Structure formats: structure tokens, C-alpha cells
Amino acid sequence: MSRFFGRLHRNTVLTVLPVLFLLAVIAVAAGAPASTRGTDAEAWRMIDRAAEFVRSNGTDAAVEAFSRRGGAFLDRDLYPMLLDKDGTMVAHGWMPGMNGYNIAGMQDVEGRLFIREALDEVARTGSADVTYQWPDPLSGQVTRKTMHARRLVLNGESYMLAVGVYR
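1. Let's talk about the sheet that holds strand β2 (residues 89–92)
Strand-to-strand pairing in sheets goes through backbone hydrogen bonds, with the strands running parallel or antiparallel.
Then, in step 1: One open sheet accounts for five strands, arranged β2-β1-β5-β4-β3; its pairing is antiparallel. Where the open sheet ends on each side, the last strands, each with one partner, are β2 and β3 (127–135). Looking at each pair of strands side by side, their axes are set apart by 25 degrees on average, direction ignored.
Then, in step 2: Where β3 and strand β4 (residues 142–154) come together, nine bridges link them in antiparallel fashion. In the strand pairing of β4, Ser-127 is matched with Arg-150.

2. Overview of helix α3 (residues 59–67)
Then, in step 1: For α3, the complete set of buried residues consists of Thr-59, Ala-62, Ala-65, Phe-66 and Ser-67.
Then, in step 2: Here the buried face of α3 lies against α2 (40–57), β1 (80–84), β2, β4 and β5 (157–166).

3. Quick word on the confidence of the model for the protein chain
Then, in step 1: Considering every residue of the protein chain, the mean pLDDT works out to 85; 80% of them sit at 70 or more.
Then, in step 2: The secondary structure element of the protein chain with the lowest average pLDDT is helix α1 (residues 2–35), at 44, and the one with the highest is helix α4 (residues 114–125), at 98.
Then, in step 3: Taken as a whole, residues 12–32 scores under 50 in pLDDT and shows one contact with residues more than four places along the chain or in a different chain.

4. Digging into the packing of aromatic side chains
Then, in step 1: Across all of its chains, the model carries six aromatic pairs by this definition.
Then, in step 2: On the numbers, 5.6 Å between centres and 65 degrees between planes, the contact of Phe-53 with Phe-73 is edge-to-face. Highlighted residues: Phe-53 in helix α2 and Phe-73 in the loop between α3 and β1, separated in sequence by 20 residues.
Then, in step 3: With a relative accessible area of 6%, Phe-73 lands in the buried category.
Then, in step 4: Joined through ring pairs, the aromatic side chains of Phe-53, Phe-66 and Phe-73 make up one cluster.

5. Re unusual backbone geometry
Then, in step 1: Despite not being glycine, Arg-76 has its phi angle at roughly 55 degrees, a positive value.
Then, in step 2: You will see that Asn-155, though not glycine, has its phi angle at about 50 degrees, which is positive.
Then, in step 3: Within the secondary structure, Asn-155 is located in the loop between β4 and β5.

6. A look at the environment of Met-160
Then, in step 1: Mapped onto the elements, Met-160 comes out in strand β5.
Then, in step 2: According to the relative accessible area criterion, Met-160 is buried, its value standing at 0%.

7. Quick look at α4
Then, in step 1: Counted at 1.5 Å a residue, the expected span for α4 with its twelve residues is 16 Å, and the 16 Å between its end C-alpha atoms agrees.
Then, in step 2: If you check which residues of α4 are buried, you get Phe-114, Ile-115, Ala-118, Leu-119 and Val-122. Buried residues along α4 cover an arc of 135 degrees about the axis, so they all sit on one side. Away from the buried face of α4 by more than 90 degrees, exposed residues Ala-123 and Arg-124 are located.
Then, in step 3: Buried positions along α4 lie against β1, β3, β4 and β5.
Then, in step 4: Two residues or fewer past α4, Gly-126 is found with a positive phi of approximately 100 degrees.

What counts and how
Residues numbered from 1 in each chain as written. Predicted model: local features only at pLDDT ≥ 70, side-chain atom pairs only at ≥ 80, totals over all residues. Heavy atoms only, no water. Pairing = 2+ DSSP bridges. Helix = DSSP H or I, 4+ residues; strand = E, 2+ residues; numbered from the N terminus. Axes fitted to C-alpha atoms, helices over the stretch in contact; angles between N-to-C directions. Buried < 20%, exposed > 50% of the residue type's maximum accessible area, 1.4 Å probe, protein only. Contact = heavy atoms within 4.5 Å. pLDDT = per-residue confidence, 0-100. Phe/Tyr/Trp six-rings, centres within 6.5 Å; stacked < 30°, edge-to-face > 60°. Expected span 1.5 Å × (residues − 1). Arc of directions from axis to C-beta.

Written out as C-alpha cells, the structure reads:
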């Protein structure tokens with residue numbers, strides 16, 4: 001009888017250990033999405049780095065540097081955007097095809113003119129934090145996103161440098 005319980009115990013352990021291991025892997029993986037998201041502090045640090053880059057290298061260099069895959073300005077879901085004071089995209093980190101287009105009239109899913117709002121606040125105070133509703137490419141759901149923005153003056157011209165953070 002004791003051999004039966006010894007074998008049962010060993011079989012139980014051999015069955016339970018892989019299940020526990022799988023549960024541990026699932027628990028670790030469940031925490032992974034948080035690391036795929038940038039934070040507010042990381043967004044502001046990226047704005048600082050991008051501003052220094054643009055001051056040192058100019059707006060033309062920003063076009064290529066901001067959108068370079070594997071470069072210093074693409075970090076998970078964080079990327080910089082440089083717009084002129086009228087709302088024309090100078091350099092977009094994720095979708096460089098937007099460069100040259102005026103997006104001041106762009107609306108979120110609720111009709112909020114979030115770009116215009118950010119441009120106006122940056123012109124008035126030098127910085128802005130605008131929260132709006134935007135499709136999240138990771139989840140496919142509409143979610144809140146906050147655009148952190150700062151005024152950048154180059155050769156007497158005002159620009160808005162921004163990085164957005166999904167909530």
C-alpha cells in the first residue's frame with residue numbers, strides 16, 4: 001500500500017509541477033503589457049531629448065531621426081511629433097507619411113480638436129497636457145491618450161514638440 005501512495009505522490013507531483021509552471025508563466029505574461037507602455041515621465045524625457053536633438057541638428061534631421069526604427073526616438077508606444085505653429089506636421093515619429101500635412105483640425109473620436117487645443121495652449125503658456133480619446137493599436141479599443149507638448153523656438157520660429165501616452 002505504501003508503494004501505491006509513493007507512486008501516487010510522484011505522479012501527482014509530476015502533474016502539478018508543470019501546471020504550476022504554466023500558471024507562473026501566465027502570471028508573468030499578464031504583467032507584460034505594462035512594460036509595452038511608456039509613462040508620463042518617459043514621455044517628458046523623450047521630449048527633452050528630442051528638443052536637444054532638434055536644437056543641435058535642425059528640423060530636417062529630425063524627420064529621419066524621429067522615425068528611424070530601432071533609433072533613440074521610438075520607444076514602445078512613445079514617439080515624438082514636431083509641428084509648426086500652424087499645425088503642419090514637420091516630423092512624425094511613427095507615421096512619417098503625415099509629414100507636410102496640416103493636422104490642426106484633427107479630431108478625436110468624440111469630435112475634440114485636440115491638436116488645435118494643444119497648439120493654442122503651447123502658444124499661450126509654453127506647454128500643454130491634452131487628454132483625448134484615441135484608438136489604441138495594441139488593444140484595438142478606443143482609450144484615453146494624453147499628449148504632452150512643449151514649445152520649441154528655432155531661429156525665431158515656434159514649433160510644438162509632443163509625445164503621447166496611452167492610459
